[in-house]
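Breakdown of the fold
One letter stands for each residue in the lines below.
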Amino acid sequence: TCRIACVAGRDVFVSDGDLSLELEQLAAAGQRGIHLWQCFSQAKMGVLEPSRYSVKRSTTMVLAVRYLPGQHLLMSAHELQGEVRVW
């Protein structure tokens, strides 16, 4: 069991999360993107943000984030002005 404080940033709502046991990574989706963490060291690996050219960051919401069955690819679904976009 581990606990990562402010996993998606300070004062941010976390909408979804997924764990890859093979990669030992946690993906936490919030208002500021998808935050990737290494589980055992609790080190932040980075933040995946929507492209600034295809999505208006201020109006998008991450609905779901999942590691695909091979656990090497990450899928996310975003809501933008009533549309759902999958990356």
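Overview of the structure. (Residues numbered from 1 in each chain as written. Predicted model: local features only at pLDDT ≥ 70, side-chain atom pairs only at ≥ 80, totals over all residues. Heavy atoms only, no water.)

1. A look at the overall build of the protein
A tally of helices and strands in the protein yields zero helices and seven strands. Seen in sequence order, the protein has helices and strands lined up from the N terminus as β-β-β-β-β-β-β. Taken over 87 residues, the protein has a buried fraction of 33%. The long-range share in the protein, meaning contacts at least 24 apart out of those at least 6 apart in sequence, stands at 35%. Summed over all atoms, the accessible surface of the protein reaches about 5800 Å², with 55% contributed by carbon and sulfur. (Helix = DSSP H or I, 4+ residues; strand = E, 2+ residues; numbered from the N terminus. Buried < 20%, exposed > 50% of the residue type's maximum accessible area, 1.4 Å probe, protein only. Contact = heavy atoms within 4.5 Å. Areas by Shrake-Rupley, 256 points an atom, 1.4 Å probe, with all protein chains shown as cover.)

2. Some points on the pattern of salt bridges
Enumeration according to the criterion identifies two salt bridges in this entry. Linking Arg66 and Asp16 is a salt bridge whose minimum nitrogen-to-oxygen distance equals 2.7 Å. One end of the pair, Arg66, is in strand S5 (residues 60–67); the other, Asp16, is in strand S1 (residues 14–20), and 50 residues separate them in sequence. Across the pair Arg85 and Glu83 runs a salt bridge whose closest N-O atoms are separated by 3.1 Å. Among the residues examined, Arg85 registers a relative accessible area of 27% and is labelled partly exposed. When its relative accessible area of 44% is taken as the criterion, Glu83 is described as partly exposed. (Salt bridge = Lys/Arg side-chain N within 4 Å of Asp/Glu carboxyl O.)

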